[in-house]
Amino acid sequence: MDDTTSKLAFDTDWQYDPAPESTDHVRVDDQYELFIGGEFVAPKEGRYFDSINPANEQVLARIASAGKDDVDRAVKAARKAYETSWSKLKPAERGKYIYRIARVIQERAREFSVIESLDGGKPIRESRDIDIPLAAAHFFYYAGWADKLEYAFPGKQVAALGVAGQIIPWNFPLLMAAWKIAPALACGNTVVLKPAETTPLTALKLAEVIRDAGLPPGVVNIVTGAGDTGAALVDHPDIDKIAFTGSTAVGRLIQNSQAGTSTIYTLELGGKAANIVFDDAAIDQAVEGIVNGIFFNQGHVCCAGSRLLVQESVADEVVQKLKDRMETLIVGDPLDKNTDIGAINSAAQLEKIESYLQLGQDEGGEMYQASGSVPERGYWCRPTLFTGVSQSNRVVQEEIFGPVLAVQTFRTEQEGLDKANNTPYGLSGGVWTDKGAKIFRIAQGLRAGVIWANTFNKFDPASPFGGYKESGVGHEGGLHGLDAYVSLA
Ligand code: NAI
Ligand code: MG
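Quick caveat, the model's predicted, so the values are computed rather than measured. (Residues numbered from 1 in each chain as written. Chains lettered and ligands numbered in written order. Predicted model: local features only at pLDDT ≥ 70, side-chain atom pairs only at ≥ 80, totals over all residues. Heavy atoms only, no water.)

**Considering the overall build of the protein chain**
Counting secondary structure elements, the protein chain contains 17 helices and 22 strands. For the protein chain, the C-alpha radius of gyration of 23 Å lies close to 23 Å, the compact-globule estimate for 489 residues. Residues classed as buried in the protein chain amount to 58% of the 489 residues present. Carbon together with sulfur atoms contributes 50% to the accessible area of the protein chain, which is approximately 19,500 Å² in total. Charged side chains in the protein chain number 47 positive and 64 negative. The centres of these two groups are separated by 7 Å. (Helix = DSSP H or I, 4+ residues; strand = E, 2+ residues; numbered from the N terminus. Rg over C-alpha atoms; globule rule 2.2 N^0.38 Å. Buried < 20%, exposed > 50% of the residue type's maximum accessible area, 1.4 Å probe, protein only. Areas by Shrake-Rupley, 256 points an atom, 1.4 Å probe, with all protein chains shown as cover. Lys, Arg positive; Asp, Glu negative; His and termini not counted. Charge placed at Lys NZ, Arg CZ, Asp CG, Glu CD.)

Laid out in structure tokens, this is it:
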């Protein structure tokens, strides 16, 4: 880019007019109870917590906190539903219920999108165009498998596992609920789901949908609460399968607690994915892909492209174009349709991100942040990149889970691959080049579960998702996602 064009980009001090999504059609109650056995019930110990809107720190609703007894009640309801109704239903009938859930989510998509953005801080563009449509798509996809399991596992006797305990994080609240619930139900299991404490609202709305769709009581139970509620679910003796998505630290706790038991578990944990950009790549497209991979959705994505490995000969050009593009990103009101980067999900997460910004500089990295304004109230982080960092730096090795990109260079293909693989994680990766053969070589060499070529963060219910090393155990999505909810003989 020559000087005149780059100057043009910055001399414009005009702003987009606000384009807020309306909230008129959305109903958020003051208080939400636990969804157990097909009805909303108060928690035994009477404890509640607040879910706030991270964009303005205001309380959205009071949420029931499930104690051990409540979790036990939910597991019993799920067990009863498994034994008396769900496992006895014809598979095609199970499919019909799951289709119904998918259709209602589609019908109420606007409401779900707005609530997702209010409760979690993600831009409405993301929740409207990605989270909610994909959640519906997962229910549609797995509804289709319900009566075709014999084709999924030819020559095998397929049986459900029983009761699944499912724990999900706050970065894709409804979508993670769909990833967990849809395949479990399709295979004939019943579930107890625990949403994250900062983003329980769309799961509770989903409970309403499930009730209205007429599912037999107890097939899906939703217990809200924090880590102790999750631990009570994991430790419950009558759970046949645990599915967890969240931090590697909690994943490890779960793994240890299950050692020596017969419970089956899948863990989707962290990541530190690299986008590898070669000098023969379409540079502008690559820059857009990098921005999409780490800055949209505040970097709250386990498969985020939080590292950039760029071939030395194009490094200056790519970094300059990235910085220019970062200047144009709008950080602010999640409900504004122009917003690129919404609110950081919680005060705790913002604190964690900020500690990494300090650490990166202490380690000798050069930090660059976009200069745009951020709102006064709420939790915000400007898009940030670090150059001059090396492989041993913690900002290169550890999952930050914020809009923070660590940039390194490489000369040869092998060096790029070695650097990409040199972290404890292996969830995803990206490669940018116009050579098909190089794409295949890199894809084979990367120790990562999902690899995108000349694109990033694309999802489809039919493709499996899962990681190597500390990124987890097992797969979700596609045919592989069924595998995690059946026993085969
Ligand atoms: P977390 O792992 O504590 O939370 C995820 C879920 O696990 C929540 O529903 C939480 O209530 C539950 N949980 C917490 N402790 C538990 C326990 N002992 N037993 C059972 N369930 C438990 O993650 P947190 O603290 O929200 O975020 C910390 C870091 O984890 C983030 O900064 C990020 O690096 C990573 N993370 C990764 C995610 C991913 O998708 N891979 C999602 C969320 C966070
Ligand atoms: Mg919230």
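**Considering the packing of helix 3 (residues 91-107) against helix 5 (residues 124-145)**
Viewed as axis vectors pointing N to C, helix 3 and helix 5 meet at an angle of 165°, and their least axial separation amounts to 8 Å. One way to sum up the angle between helix 3 and helix 5 is to call them roughly antiparallel. The two elements helix 3 and helix 5 cross, and the hand of that crossing is left-handed. Here G95, I98, Y99, I101, A102, R103, I105 and Q106 of helix 3 come into contact with helix 5, specifically with I132, A136, F139, F140, A143 and G144. (Axes fitted to C-alpha atoms, helices over the stretch in contact; angles between N-to-C directions. Parallel < 35°, antiparallel > 145°, perpendicular 65-115°, else oblique. Left-handed = near helix turned anticlockwise from the far one by under 90°. Contact = heavy atoms within 4.5 Å.)

**Quick look at the site of ligand 1**
Around ligand 1 lies a shell of 26 residues, among which W170, E197, S247, L269 and K352 are the nearest. A distance of 2.8 Å is found between an oxygen atom of ligand 1 and a backbone nitrogen or oxygen belonging to I168. At 2.9 Å, a side-chain N or O of Q349 approaches an oxygen atom of ligand 1. Elements represented by at least two residues in the shell around ligand 1 include exactly helix 9 (227-234), strand 10 (241-245), helix 10 (248-258) and helix 13 (347-362). (Near = heavy atom within 4 Å. Polar contact = N/O pair within 3.5 Å; in protein donor to acceptor, adjacent residues only side chain to side chain.)

**Brief notes about unusual backbone geometry**
Of note in this structure, Q298 is not a glycine but carries a positive phi near 60°. Among the secondary structure elements, Q298 is positioned in the loop between helix 11 (283-294) and strand 13 (307-311). The backbone of F401 sits at a positive phi, close to 65°, despite the residue not being glycine. Tracing the chain through its elements places F401 in the loop between helix 14 (394-397) and strand 16 (404-410).

**Brief notes about the nonpolar core**
With 109 residues, the main nonpolar core has I101, F139, L185, L206 and L215 as its most contacted residues. It is helix 7 (residues 173-186) that provides the largest number of residues to this core, a total of eleven residues. Viewed by domain, this core spans two of them, domain 1 (31-269 + 471-488) and domain 2 (274-460), each represented by three or more residues. (Core = buried A, V, L, I, M, F, W, Y, C linked by side-chain atoms within 4.5 Å. Domains from an automatic or database assignment.)

**Some details on the coordination of the magnesium ion (ligand 2)**
The textbook angles at a metal center are 109.5 degrees for a tetrahedron of four donors and 90 or 180 degrees for an octahedron of six. At 2.2 to 2.6 Å from the magnesium ion (ligand 2) lie its protein donor atoms, namely S51 (OG), I52 (O), D119 (O), D119 (OD) and T198 (O). In primary sequence terms, the donor set of the magnesium ion (ligand 2) follows S-I-x66-D-x78-T. The exposure class of S51 is buried, given its relative accessible area of 0%. (Donors = N, O, S within 2.8 Å, 3.2 Å for Na, K, Ca; no water.)

**Some details on the sheet that holds strand 4 (residues 48-53)**
The strand order across the open sheet formed by three strands is 1-5-4, and the pairing between neighbours is mixed. Strands with a single pairing partner mark the edges of an open sheet, and in this sheet they are strand 1 (31-32) and strand 4. Judged from the six bridges that link them, strand 4 and strand 5 (residues 58-64) form a sheet pairing that is antiparallel. Paired with F49 across the two strands is I63, which belongs to strand 5. Contacts between helix 4 (residues 109-120) and the sheet are confined to strand 4 and strand 5, with strand 4 contributing the most and set at about 105° to the helix. (Pairing = 2+ DSSP bridges.)

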